[in-house]
Amino acid sequence: MEPAEPLNELVSAEGRNRKAVLCRRCGSRVLQPGTALFSRRQLFLPSMRKKPALADGSNPDGDILQEHWLVDDMFIFENVGFTKDVGNIKFLVCADCEIGPIGWHCLDDKKSFYVALERVSHE
């Protein structure tokens with residue numbers, strides 16, 4: 001895992017992402033610079049694995065992550081996929097290599113898509 005970049009290098013004065021957000025595994029672009037807001041919220045994300053293993057919801061191993069990029073429209077993403085519903089949650093995965101989850105979306109809130117800073121890289 002690469003060392004975390006200081007927040008001031010990632011977050012602009014307006015609270016937006018300064019750099020592009022990329023899949024850590026394959027390098028595919030998930031978000032363009034300036035398209036997401038920095039947000040602190042405790043969210044549980046299962047351990048990283050391929051998409052089919054995420055959808056069954058049977059393995060509770062994972063992490064509680066607090067630093068995220070918040071996107072309010074799913075069409076802002078350059079490249080993201082969604083798992084099948086796990087309760088009222090869909091997990092976000094890389095659409096190219098299907099590794100994830102890199103983020104979280106609650107079906108009750110149509111305008112909140114979270115991408116965990118710890119699960120992606122930036123350039």
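Here, every reference points to the structure presented above.
Here is a short report on the structure shown in this document. (Residues numbered from 1 in each chain as written. Predicted model: local features only at pLDDT ≥ 70, side-chain atom pairs only at ≥ 80, totals over all residues. Heavy atoms only, no water.)

Residue position: Cys 106 is located in strand E9 (residues 103–106). For Cys 106, a relative accessible area of 13% translates into the label buried. Sequence spacing of Cys 106 and Gly 87 is 19 residues, and the spatial spacing of their C-alpha atoms is 9.2 Å. Leave out the neighbours within four places in its chain, and Cys 106 touches Asn 88, Ile 89 and Ser 112. (Helix = DSSP H or I, 4+ residues; strand = E, 2+ residues; numbered from the N terminus. Buried < 20%, exposed > 50% of the residue type's maximum accessible area, 1.4 Å probe, protein only. Contact = heavy atoms within 4.5 Å.)

Right, let's get into the packing of aromatic side chains. One pass over the full model with this rule turns up 4 aromatic pairs. On the basis of an interplanar angle of 80 degrees and a centroid distance of 6.2 Å, the ring pair of Phe 77 and Phe 113 is categorised as edge-to-face. Of this pair, Phe 77 sits in the loop between strand E5 (62–71) and strand E6 (81–82) while Phe 113 is found in strand E10 (residues 113–116), placing the two residues 36 residues apart along the sequence. Across the pair, exposure class does not vary: Phe 77 and Phe 113 are buried alike. Taken together, the ring pairs connect Phe 77, Phe 82 and Phe 113 into an aromatic cluster. (Phe/Tyr/Trp six-rings, centres within 6.5 Å; stacked < 30°, edge-to-face > 60°.)

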